Structures are given as C-alpha cells and as structure tokens.
Amino acid sequence: MNTIYRKGPLPRYYQLKEIMREKISNRDWLPGQLIPSERELSEQYGMSRMTARQAITELVNEGLFYREQGKGTFVSRHKITQQLLHLTGFTEDIRARGQRPSTRVLSMSMSPADEKTADYLRIKPGQLVFTLQRLRLADDEPLAIEVSHLNFIGCEKFLEEDLEQHSLYQLLETKYGMLLIEAEQELEAGLISSKEAEKLKVPIGSPALYTRRTAYIERNQPIEYTRSIYCGHKYVFYTSLKREQLLS
C-alpha cells in the first residue's frame, strides 16, 4: 500500500498510518532512522499537515515512533524488556541484552525521609537516608531516571563511592555485605513531565512507566526504596503468570 485513496472507506490518516507501518515492516525505515517531516508527508501524499500529524502522533502513542525535541520523529528501536521474575539491577539488565549501560549521577546526599519513603523503609519520617538520583542510559541513550533511598547503618559511606562507574547492587552485596533477598515492585502508567522530559530528551507528555521498588535483605528488612521513570516507548516489563487449578 503506497497510495492514498481519497474516495475509499478508510480515513486518510489511517491509510497513511498503514503506509508507514509497511515501511517499518519492510525495513524501508530502520530503527533509529529519522522519518520525513509532517510537511514532506503531506506534500508527498496530498493531504493536510494536520492529517499527517494525526497519523504520526498515533504511531508515537503506539510506540512505533518516538520524538526528540528539536530533531524530529524517529523509528523506535526494539524495546528493552525487563522480566519481572528475578531481582536484578539496571546494569545487569542492560548488559544481559548486549548493550552498554552507563549512569550519570544527578545528585546524592544524606536527606530526611519523607512520609512515603519512611513508610516503605519502615523508619520514622525525618530520619536521614542516603538519597541518590541517577540518569540511566543504554548505548548513551537516556532510558530512565531513578531516585534511590538507602537505609542501613553506614549508608552515609555511599557519599564517597563512584556511583557512575559502579553498580549500586554490586557494591551493596560485595563491599557492604548487604545481600538482597527479594523485592516488591509496583508499576504505573503516566506521562513525562517537563523536568523529566528535559533529562530524558523526549517531548513533554510522552508515555512513561513509573515504578516503585522496595528491596529487602534477610529477616524481611527493607534497605532500599527506589522510584523510577522509564521512557514508555523504549522499555517493556514482562512477567509470566500461571492460573491455579480449581479444586473439583
């Protein structure tokens, strides 16, 4: 399908969507490639820019395209899939997929826990915890913003660690003797705010996956609470579910 049928039953924006889908499936447009602008598409297919914009926007919302401020619209790369079956860190996830993880520390400090953080860590509000904000990247492409809170005796020593070069989980387990046993994780869909969009290099209002994770050591003791914001068009969470057999 390479032609827009003006008298056909399908709306023009929908026909353009199908043309662009076909270009992706046929690999005429490759992952990471800049697609033609709204103006170029409207001129090529004889439609208004508004119609072309609608087709592009719907494919952005479906995850086939993504926008970068000041650059244009690109074909999405294959999404990174994190399986919700094992307790792993970002560095482990990305390396397991053959990509190069990197981190930019945005801030770190000893700061008083707010009520929500205190509740997750089972401490009193106002108690000092180690707080770390990081931008997480794969092959130099921003994927997520993480804000981690750690609470254990000696956690202030993390202020001296190079957390751009070393995995937080690896340091916890190998240097501080904190063996992580299990975690609870919550997921929620949302939209990226202006501050988040600037760091993640995506338009304001782009789809996002918000997660909250509480990690435990033995005796059911929480030591880490992390809030993360993932680019929705770049990341997928996967789990396997089994139905319990009904008793007859």
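Worth saying up front: this structure is predicted, and the values here are computed from it rather than measured.

**Section: the overall build of the protein chain**
Then, in step 1: A count of helical and extended segments in the protein chain gives 7 helices and 10 strands.
Then, in step 2: In the protein chain, the proportion of contacts linking residues at least 24 apart, taken out of those at least 6 apart, comes to 58%.

**Focus: the sheet that holds strand β7 (residues 182-191)**
Then, in step 1: Strand order across the open sheet formed by 6 strands is β4-β5-β6-β9-β8-β7, with antiparallel pairing between neighbours. The open sheet has two edge strands with one neighbour each: β4 (101-112) and β7. When strand polarity is set aside, the average angle formed by the axes of neighbouring strands in this sheet is 15 degrees.
Then, in step 2: Looking at chain direction, β4 and strand β5 (residues 128-138) are connected through 11 bridges and run antiparallel. The residue of β5 that forms the bridge with Ser102 is Leu137.

**Here we look at the packing of aromatic side chains**
Then, in step 1: Inspection of every chain in the model, using the stated rule, returns 7 aromatic pairs.
Then, in step 2: Each ring, one from Phe152 and one from Phe158, has its centre 6.1 Å from the other, and the planes form 85 degrees; the classification is edge-to-face. This pair shows no difference in class: Phe152 is buried, exactly as Phe158 is.
Then, in step 3: On the basis of an interplanar angle of 20 degrees and a centroid distance of 4.6 Å, the ring pair of Phe158 and Tyr176 is categorised as stacked. One end of the pair, Phe158, is in the loop between β6 (141-150) and α6 (168-174); the other, Tyr176, is in the loop between α6 and β7, and 18 residues separate them in sequence. Neither residue differs from the other here; Phe158 and Tyr176 are each classed as buried.
Then, in step 4: Counting every residue linked through ring pairs, the aromatic cluster contains Phe130, Phe152, Phe158 and Tyr176.

**Brief notes about the environment of Glu184**
Then, in step 1: Position of Glu184 relative to the elements: it lies in strand β7.
Then, in step 2: Setting aside residues no more than four positions away along its own chain, Glu184 makes contact with Arg212, Arg213, Thr214 and Tyr216.
Then, in step 3: Reaching out from Glu184, the side chain makes a polar contact with the side chain of Tyr216 at a distance of 3.0 Å.

**So, the confidence of the model for the protein chain**
Then, in step 1: Averaged over all residues, the pLDDT of the protein chain equals 85, while 87% of them reach at least 70.
Then, in step 2: Mean pLDDT across the elements of the protein chain bottoms out in strand β3 (residues 80-83) (52) and peaks in helix α5 (residues 115-121) (95).

**Details of unusual backbone geometry**
Then, in step 1: Even without glycine at this site, Arg27 takes up a positive phi of about 65 degrees.
Then, in step 2: According to the relative accessible area criterion, Arg27 is exposed, its value standing at 52%.
Then, in step 3: The phi dihedral of Lys201 falls on the positive side, at around 60 degrees, and the residue is not glycine.
Then, in step 4: Counting through the fold element by element, Lys201 comes out in the loop between α7 (194-200) and β8 (207-217).

**Here's the deal with helix α3 (residues 49-61)**
Then, in step 1: Taking 1.5 Å of rise per residue, the 13 residues of α3 would be expected to cover 18 Å, and the 18 Å separating its terminal C-alpha atoms lies within 8% of that figure.
Then, in step 2: The complete set of buried residues in α3 reads Thr51, Ala52, Ala55, Ile56, Leu59 and Val60.
Then, in step 3: Against the buried residues of α3 lie α1 (12-25), α2 (38-45), β1 (65-68) and β2 (72-75).
Then, in step 4: Taken from the residues just after α3, Gly63 is the one with a positive phi, measuring 90 degrees.

**A look at the packing of α1 against α3**
Then, in step 1: Interhelical geometry of α1 versus α3 gives an angle of 50 degrees and a closest axis separation of 8 Å. As the angle between them shows, α1 and α3 are arranged oblique. The element α1 and its partner α3 pack so that their crossing is right-handed. Between α1 and α3, the contacting residues are Arg12, Tyr13, Leu16, Lys17, Met20 and Arg21 on the first element and Thr51, Ala52, Gln54, Ala55, Ile56, Glu58 and Leu59 on the second.

**As for the pattern of salt bridges**
Then, in step 1: By the definition in use, this model includes 11 salt bridges.
Then, in step 2: With a shortest N-O distance of 3.1 Å, Arg53 and Glu38 are connected by a salt bridge. A residue pair is termed long-range when its members are at least 10 positions apart, and Arg53 in helix α3 and Glu38 in helix α2 qualify at 15 residues.
Then, in step 3: One salt-bridge network, in which partners are shared between bridges, spans Arg134, Arg136 and Glu146.

Parameters and conventions
- Residues numbered from 1 in each chain as written.
- Predicted model: local features only at pLDDT ≥ 70, side-chain atom pairs only at ≥ 80, totals over all residues.
- Heavy atoms only, no water.
- Helix = DSSP H or I, 4+ residues; strand = E, 2+ residues; numbered from the N terminus.
- Contact = heavy atoms within 4.5 Å.
- Pairing = 2+ DSSP bridges.
- Axes fitted to C-alpha atoms, helices over the stretch in contact; angles between N-to-C directions.
- Phe/Tyr/Trp six-rings, centres within 6.5 Å; stacked < 30°, edge-to-face > 60°.
- Buried < 20%, exposed > 50% of the residue type's maximum accessible area, 1.4 Å probe, protein only.
- Polar contact = N/O pair within 3.5 Å; in protein donor to acceptor, adjacent residues only side chain to side chain.
- pLDDT = per-residue confidence, 0-100.
- Expected span 1.5 Å × (residues − 1).
- Parallel < 35°, antiparallel > 145°, perpendicular 65-115°, else oblique.
- Left-handed = near helix turned anticlockwise from the far one by under 90°.
- Salt bridge = Lys/Arg side-chain N within 4 Å of Asp/Glu carboxyl O.

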